[in-house]
Amino acid sequence: MSRLVVVSNRVAPIDEGKQSAGGLAVAVLAALKKTGGIWFGWSGDVVAAPPSAPSLTPVGKLTYATLDLAKRDYEEYYNGYANSTLWPLFHFRLGLTNFNRRNYAGYQRVNALFASKLAPLLQPDDMVWVHDYHLIPFGEQLRLIGMGHRMGFFLHTPFPAPELLVALPNHADIVRALCAYDVVGFHTTTDLRCFINYIRFEARGTVTERPDGEGYFINAFGRTLVARSFPISIDTEPLVTLAKQAARTRQTERLRESLVGRDLIIGVDRLDYSKGLPQRFESFHCLLENYPANRGHVSFLQIAPPSRSDVPEYIAIRKELETLSGHINGRFAEFDWVPIRYLNKSFTRRSLAGFFRVSAVGLVTPLRDGMNLVAKEYVACQDPEDPGVLVLSRFAGAAEELGDALIVNPYDIESVADALQRALTMPLDERKARYNAMMEVLRRNDISVWRENFVTALAGAPYDS
């Protein structure tokens, strides 16, 4: 059996069974333990003089290999090109995209550096699985130094329509780098279609549907590869169990008691402009304005841990949300009821599972998202005998699978308010039917299925080294 080598921007060694571990980390760890191999990437540390070789930490059959970044590399590769250029562009926010040649050079430089440090650790029959927008050129850089291994890439963000992507200087170089892999995976058929359209109409490549219907053969930039959608998911059954346990924790009881019989709408998002949080707050304001019977009877809990707190766009959105929540609370609050509970802090996975369990509505309304696993986690945490209702943006990848949620356009504030009212008043039989249909999807396609589907596709892909 070939070893698996996983490459991601961050490597976070986790303890077996640790409750707070994310689904991707769990999936990667399970694959590496099965085949043996390496998990390679940035350590998360920025230092004055990075060591010349990666730090190696063997744990059983797998090895964690991490590199520190120099300050300049961190600013140009990570803060610069990855998060100030690719992130906003891939989330359809062209106006926030910063084009800078120095940052692009830093992005390519760090990918070349990472590739040169991984190459000596590779064995001849290893399979390399690279993750996310930070590392698009990684496979091409490995090819340039003579590595002929099977290589796959999975994009965890959306992929933009060609009309947007061509605004990116060096857009052809980015897509050419994607074509250095043997398998390129996307969350949704929409993302896959955007990639295929670029190949056809910009790269002038050929696209042929595979005989098994699982994706497409791509011929472009002198390479043959497979492009396919692999919708990422959650560790469904363990999360179901965790939510049952979390329903009885003291923290969940405190939340339940604080509601005093009121319904709870919950949102959990990283503080980011792609999540549609100002529009979400406005929709809740509209709910209270248009459906006044909810005043004093419904609370909205928005958990939004800060991220990239030194970036101007993120400082601005935090101030905007603080202003909005203050305005809404000032307009509607009573001495014994506050409409919005807005928390800029993180909670453990167990705590969130309990919070999801007691919430009547899960409000997941990004303006654009690759998948959004919070939507799936909310559903999995529900009580089957009294489930809540998921209100989900059509622009989240999860909407492609979770069609039994109430699907909304987050830009249409009044329609989202109408959907919230429908969710709060939905009969139990309808709530159960929607919940059961979505749980069938989550049980059929959990994180293990996602992992196995990708690894199997990589092992069987046309080998064009």
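Residues numbered from 1 in each chain as written. Predicted model: local features only at pLDDT ≥ 70, side-chain atom pairs only at ≥ 80, totals over all residues. Heavy atoms only, no water.

Naming follows an unreviewed UniProt entry, where the protein chain appears as Trehalose-6-phosphate synthase of Skermanella aerolata. In its Sequence similarities (unreviewed entry) section, the UniProt record describing the protein chain reads: "Belongs to the glycosyltransferase 20 family." UniProt lists a comment for the protein chain under the heading Function (unreviewed entry), and it reads "Probably involved in the osmoprotection via the biosynthesis of trehalose. Catalyzes the transfer of glucose from UDP-alpha-D-glucose (UDP-Glc) to D-glucose 6-phosphate (Glc-6-P) to form trehalose-6-phosphate. Acts with retention of the anomeric configuration of the UDP-sugar donor." (UniProt positions renumbered as here; feature names shortened; annotations may be inferred.)

Caption draft 1: Region of interest: the overall build of the protein chain. For the protein chain, the helix and strand inventory stands at 16 helices and 16 strands. Scaling as 2.2 N^0.38, a compact globule of 465 residues should have a C-alpha radius of gyration of about 23 Å, and the protein chain matches this with 23 Å. A principal-axis box enclosing the C-alpha atoms of the protein chain has dimensions of 70 × 45 × 40 Å. When each of the 465 residues of the protein chain is scored for burial, the buried share is 58%. (Helix = DSSP H or I, 4+ residues; strand = E, 2+ residues; numbered from the N terminus. Rg over C-alpha atoms; globule rule 2.2 N^0.38 Å. Buried < 20%, exposed > 50% of the residue type's maximum accessible area, 1.4 Å probe, protein only.)

Caption draft 2: Structural view of the packing of helix α13 (residues 373-380) against helix α15 (residues 428-444). Contact geometry for α13 and α15: axes closest at 10 Å, N-to-C directions at 120°. By the angle between their axes, α13 is oblique relative to α15. In this structure, α13 meets α15 at a crossing whose hand is left-handed. Across the interface between the two elements, K376, V379 and A380 of α13 pack against Y435, M438, M439 and L442 of α15. The residue inventory of the contact of α13 with α15, partitioned by class, reads 6 nonpolar, no polar and 1 charged. (Axes fitted to C-alpha atoms, helices over the stretch in contact; angles between N-to-C directions. Parallel < 35°, antiparallel > 145°, perpendicular 65-115°, else oblique. Left-handed = near helix turned anticlockwise from the far one by under 90°. Contact = heavy atoms within 4.5 Å. Nonpolar A, V, L, I, M, F, W, Y, C, P; charged D, E, K, R; others polar.)

Caption draft 3: Examining the pairing of strand β3 (residues 55-59) more closely. One ladder, built from 5 bridges, connects β3 with strand β4 (residues 62-70); its direction is antiparallel. Each bridged residue has a counterpart across the sheet, and for P58 the counterpart in β4 is T63. The loop that links β3 with its antiparallel partner β4 comprises 2 residues; one of these, G60, has a positive phi angle of about 65°. (Pairing = 2+ DSSP bridges.)

Caption draft 4: Fine view of the nonpolar core. Residues F114, F138, F195 and I265 are the most contacted members of the largest nonpolar core, which totals 94 residues. Ranked by residues supplied to this core, first place goes to helix α2 (residues 71-90) with 9 residues. Split by domain, this core shows at least three residues from each of two domains, domain 1 (4-233 + 447-460) and domain 2 (236-444). The residues contacting F138, other than those within four sequence positions of it, are V7, F40, N111, F114, A115, L118, V130 and Y181. Counting residues in each nonpolar core, the second largest holds 64 residues, with I232, F355, I447 and A457 among its members. (Core = buried A, V, L, I, M, F, W, Y, C linked by side-chain atoms within 4.5 Å. Domains from an automatic or database assignment.)

Caption draft 5: Looking closely at the domain arrangement of the protein chain. Annotation of the protein chain at the domain level lists domain 1 (4-233 + 447-460) and domain 2 (236-444). Between domain 1 and domain 2, the C-alpha centre-to-centre distance is 31 Å. At the junction of the two partners, domain 1 supplies 25 residues and domain 2 supplies 23 residues. Regarding the contact of domain 1 and domain 2, the summed buried area is about 1900 Å², with carbon and sulfur atoms giving 53% of it. Counting the contacts that link domain 1 with domain 2 gives 0 salt bridges. In this structure, the connection of domain 1 to domain 2 is made through 4 residue pairs in polar contact (both at pLDDT 80 or more). Where the side of domain 1 that touches domain 2 is concerned, the elements lending two or more residues are α2 and α7 (189-201). Among the residues forming the side of domain 1 that touches domain 2, the class breakdown is 11 nonpolar, 12 polar and 2 charged. (Buried area = accessible area lost by both parts, 1.4 Å probe. Salt bridge = Lys/Arg side-chain N within 4 Å of Asp/Glu carboxyl O. Polar contact = N/O pair within 3.5 Å; in protein donor to acceptor, adjacent residues only side chain to side chain.)

Caption draft 6: Representation of the sheet that holds strand β11 (residues 263-268) in the model. Pairing is parallel in the open sheet, where 6 strands are placed in the order β13-β12-β11-β14-β15-β16. Since the sheet does not close on itself, it has two edges, and those belong to β13 (340-343) and β16 (406-408), each with one partner. Neighbour-to-neighbour, the strand axes of this sheet turn through a mean angle of 20°, independent of strand direction. Of the pairings in the sheet, the one linking β11 to strand β12 (residues 298-303) comprises 6 bridges and is parallel in character. Note on β12: the bridge partner recorded for G267 is Q302. Docked against the sheet, helix α12 (residues 349-357) engages β11 and β12, running at close to 140° with respect to β11.

Caption draft 7: Spatial organisation of unusual backbone geometry. Even without glycine at this site, F92 takes up a positive phi of about 65°. Relative to the helices and strands, F92 resides in the loop between α2 and α3 (101-118). Among the residues examined, F92 registers a relative accessible area of 28% and is labelled partly exposed. Positive phi outside glycine occurs at N372, with the angle close to 80°. With respect to the secondary-structure elements, N372 resides in the loop between β14 (361-364) and α13.

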